[in-house]
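Structural characterization, general
Each chain, letter by letter, is given below.
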Amino acid sequence: MSFWDHLEALRGTLFRSVVAVCLCSLVFLAFPRQLFYAVLWPTQPDFILYSLLGLPFQMTLINTEVSAQFFMHLKVSMLCGLVLAFPYVIYEIWKFVAPALYEHELRAVRKGFLLSSGLFYLGVAVGYFVVLPVCLMFFMNYTVSDAIANTITLGSYMSLFTSMVFLIGLLFEFPTIILVLSSLGVVHRAQLRKLRRHAFIAVLILSALITPSDPFSMFVLAVPLYGLYELSILLCKKDA
């Protein structure tokens, strides 16, 4: 294929992916009450983590802009549409990449693409059910003065929600990348073992950047992230 043929194929891949995301987003646009019940559930006292720990917690959100709720509905619907369409987007990327690979490379990359969706959804679940509520509890209970009340806007909460849920889902793709690189002979198990200490420090720094709250919140995120590194070592070839 010529350069322009590849470009045309890429255009088709991007177009179909965008259409899939938009179609999935329409589902969430059609049911705003149900969508925001799930999105705002971590702010309510009956959320799973609070009930399990027996901790009283409730957060009331306010809106300070005329059009904020409308555009927030669009933004959240698109984000959830991307999460729902993620396996199909991965499939489209696979179809675009596959013709350029040799047979042994195809087997390696195929394993990675099959693993990617499961790890992404696992990361989204960890962010939603564990990391996000822990951060909310810390921020809502932290005050520098009793004279200052925590009044949280919808935009502020959604910013934290996006970074805690979607970003962590993407971070859980790390073992997929390692699996592909290992199968292609780029990364070896011995190399990852030697870098364990560096990986541990990197995980702590990354967790501190994502959850700029208390050490406990950082630890809650650091544990699964470092677990992913150990999983990556196990996914490497034994003879590597």
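Each remark here, short or long, concerns the structure printed above.
This report concerns the structure included in the present document. (Residues numbered from 1 in each chain as written. Predicted model: local features only at pLDDT ≥ 70, side-chain atom pairs only at ≥ 80, totals over all residues. Heavy atoms only, no water.)

**A closer look at the packing of helix H4 (residues 68–97) against helix H6 (residues 154–171)**
Describing two packed helices takes the angle between their axes plus the distance from one axis to the other. What counts here: Throughout, an axis means a line fitted to C-alpha atoms (over the contacting stretch in the case of helices), and angles, computed between N-to-C directions, take values from 0 to 180 degrees. Helix numbering and strand numbering both begin at the N terminus, where a helix is a DSSP run of H or I of at least 4 residues and a strand a DSSP run of E of at least 2. Roughly parallel here means an angle under 35 degrees, roughly antiparallel means over 145, roughly perpendicular means 65 to 115, and every remaining angle is called oblique. By the convention used here, residues are in contact when the closest approach between their heavy atoms is within 4.5 Å. Each residue receives one of three labels: charged for Asp, Glu, Lys and Arg, nonpolar for Ala, Val, Leu, Ile, Met, Phe, Trp, Tyr, Cys and Pro, and polar for the others, Gly being one of them.
Following both chains from N to C, one finds H4 and H6 inclined at 5 degrees, their axes separated by 11 Å at the closest point. One element, H4, and the other, H6, form an angle in the roughly parallel class. Each of Gln69, Met72, Val76, Leu79, Leu82 and Val83 in H4 lies in contact with H6, whose residues at this interface are Leu154, Gly155, Met158, Thr162 and Phe166. Looking at the contact of H4 with H6 residue by residue, the class counts come to eight nonpolar, three polar and no charged.

**Examining the pattern of salt bridges**
Under the convention used in this document: Here a salt bridge means any side-chain nitrogen of Lys or Arg lying within 4 Å of a carboxyl oxygen belonging to Asp or Glu. Relative accessibility under 20% of the residue-type maximum defines a buried residue, over 50% an exposed one, and the middle range a partly exposed one, all with a 1.4 Å probe and only protein chains included.
With the rule as written, the count across this model stands at four salt bridges. In this structure, the salt-bridge partner of arginine 16 is glutamate 92, at a minimum N-O distance of 3.1 Å. Here the residue arginine 16 occupies a position in helix H1 (residues 3–30), and glutamate 92 occupies one in helix H4, the gap between them amounting to 76 residues. By relative accessible area, which is 1% here, glutamate 92 ends up buried.

**So, a nonpolar patch on the surface**
To keep it simple, the criterion reads: For patch building, the residue pool is restricted to those with more than 30% relative accessible area and no salt bridge; the joining distance is 9 Å between like charges and 5 Å between nonpolar side chains (Val, Leu, Ile, Met, Phe, Trp, Tyr). The Shrake-Rupley method, run with a 1.4 Å probe sphere, supplies the accessible areas, and residue values consider only the shown protein chains as cover.
A cluster of nonpolar side chains, Ile48, Leu52, Leu53, Leu55, Phe129 and Val130, forms an exposed patch at the surface whose accessible area comes to about 520 Å². Mapped by element, the contributors of at least two residues to the nonpolar patch are helix H3 (48–53) and helix H5 (103–141). Take the nonpolar patch: its biggest share by element is three residues, from H3. With respect to the helices and strands, leucine 52 occurs in helix H3. Here leucine 52 falls in the exposed class, since its relative accessible area comes to 68%.

**Quick notes on the packing of aromatic side chains**
Spelled out, the test is: Stacked, tilted and edge-to-face are the three classes applied to pairs of Phe, Tyr and Trp rings, where Trp contributes its six-membered ring and a pair requires centres within 6.5 Å; stacked means planes under 30 degrees apart, edge-to-face means over 60, and tilted covers the rest.
Applying the stated criterion to the full structure yields 17 aromatic pairs. Seen from their ring centres, phenylalanine 47 and tyrosine 128 are 5.7 Å apart, and the 80 degrees between their planes marks the pair as edge-to-face. Of this pair, phenylalanine 47 sits in the loop between helix H2 (32–40) and H3 while tyrosine 128 sits in helix H5, and the two are 81 residues apart along the sequence. Neither phenylalanine 47 nor tyrosine 128 differs from the other in exposure class; each is buried. On the basis of an interplanar angle of 75 degrees and a centroid distance of 5.2 Å, the ring pair of phenylalanine 70 and phenylalanine 71 is categorised as edge-to-face. Put simply, the rings of Trp41, Phe47, Tyr50, Phe57, Tyr128, Phe129, Tyr157 and Phe161 pair up and form one aromatic cluster.

Nothing here speaks to function; it is geometry throughout.
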